[in-house]
Amino acid sequence: RKEVEQDPGPFNVPEGATVAFNCTYSNSASQSFFWYRQDCRKEPKLLMSVYSSGNEDGRFTAQLNRASQYISLLIRDSKLSDSATYLCVVNTPNDYKLSFGAGTTVTVRA
Amino acid sequence: EAEVAQSPRYKITEKSQAVAFWCDPISGHATLYWYRQILGQGPELLVQFQDESVVDDSQLPKDRFSAERLKGVDSTLKIQPAELGDSAMYLCASSLAWVAGGNEQFFGPGTRLTVL
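Since the model is a prediction, treat every value here as computed from it, not as a measurement.

Residues and elements named next belong to chain B. Mapped onto the elements of the fold, glutamate 68 is located in strand β7 (residues 65-68). The class for glutamate 68 is partly exposed, based on a relative accessible area of 33%. Considered as a pair, glutamate 68 and alanine 2 are 66 residues apart in the sequence and their alpha carbons are 22 Å apart. When sequence neighbours within four positions are dropped, the list of residues in contact with glutamate 68 reads Phe49, Asp74, Ser75 and Thr76.

Attention now goes to unusual backbone geometry. Negative phi is the rule for most residues except glycine; trans is the rule for most peptide bonds. Here the bond from glycine 9 of chain A into proline 10 of chain A is cis, since omega is 5°, no more than 30 degrees from zero. Looking at where proline 10 of chain A falls in the secondary structure, it is placed in the loop between β1 (4-6) and β2 (11-14). Going from serine 7 of chain B to proline 8 of chain B, the amide bond is cis rather than trans, its omega being -5°. Position of proline 8 of chain B relative to the elements: it lies in the loop between β1 (5-7) and β2 (10-13). At aspartate 77 of chain A, a residue that is not glycine, the phi angle is positive and equals roughly 50°. Here aspartate 77 of chain A lies in the loop between β8 (70-75) and β9 (84-92). We note that aspartate 51 of chain B has phi near 55°; this positive angle belongs to a residue other than glycine.

Residue and element names in this part refer to chain B. Here 4 strands make up an open sheet; going across it, the order is β1-β3-β8-β7 and the pairing antiparallel. Looking along the sheet, the strands with just one partner apiece sit at the ends: β1 and β7. The average undirected angle you get between the axes of adjacent strands in this sheet is 15°. With 3 bridges joining them, β1 and strand β3 (residues 19-24) adopt antiparallel strand pairing.

If you look at the interface, chain B gives 22 residues, while chain A gives 18 residues. Taken together, both faces of the contact between chain B and chain A bury some 1,700 Å²; the carbon and sulfur share is 56%. For the pair chain B and chain A, the interface holds 0 salt bridges. The interface formed by chain B and chain A includes 2 residue pairs in polar contact (both at pLDDT 80 or more).

Calculation notes
- Residues numbered from 1 in each chain as written.
- Chains lettered and ligands numbered in written order.
- Predicted model: local features only at pLDDT ≥ 70, side-chain atom pairs only at ≥ 80, totals over all residues.
- Heavy atoms only, no water.
- Helix = DSSP H or I, 4+ residues; strand = E, 2+ residues; numbered from the N terminus.
- Buried < 20%, exposed > 50% of the residue type's maximum accessible area, 1.4 Å probe, protein only.
- Contact = heavy atoms within 4.5 Å.
- Pairing = 2+ DSSP bridges.
- Axes fitted to C-alpha atoms, helices over the stretch in contact; angles between N-to-C directions.
- Buried area = accessible area lost by both parts, 1.4 Å probe.
- Salt bridge = Lys/Arg side-chain N within 4 Å of Asp/Glu carboxyl O.
- Polar contact = N/O pair within 3.5 Å; in protein donor to acceptor, adjacent residues only side chain to side chain.

Shown next, in the form of structure tokens:
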């Protein structure tokens with residue numbers, strides 16, 4: 001079983017729509033969680049960290065559900081520029097490694 | 001804004017040849033990572049350095065891959081000999097420190113390797 005699993009999508013949504021997707025992780029002892037964004041053929045960039053209480057950054061909302069071992073990302077009022085692959089990243093305890101999911105592709109159309 | 005530099009950006013080579021990639025992390029970042037990303041997958045850690053020391057190279061195919069960071073600043077990743085399955089994006093990342101919970105990792109633009 002992979003450490004981090006994501007629905008690859010693609011999620012095709014119109015501008016202005018809300019899109020949400022989840023990521024599951026296998027290690028219940030995982031401590032830190034992040035969403036990275038990766039544009040086509042570019043490097044990943046940190047979008048936001050995910051805190052236990054959930055957190056919001058503008059149009060982006062991240063949630064953590066430790067009991068079910070998943071994190072979610074919700075994008076409100078989607079923009080064309082939100083089209084990208086969103087990588088779920090989980091900190092592996094004990095060795096401090098980051099484990100990346102394969103990514104969820106979002107395409108926002110005009 | 002400080003960035004992680006990588007070169008070359010693209011490399012095409014024939015199988016059995018040697019290739020080398022270079023990375024210069026953000027100034028002051030003690031921790032440096034090399035990842036391999038195959039199309040459609042997430043980055044996978046190959047090797048992690050803390051200053052000049054290797055912290056983790058458990059996923060590095062040591063029969064053909066080597067990595068060094070001699071002065072604790074820039075780093076080189078080498079493949080010899082290259083195989084067809086090595087075709088991928090090789091990403092370098094750096095962070096201020098290596099701590100529990102993880103510091104933000106800043107990625108370079110990557111080197112896209114094609115092995116023919």
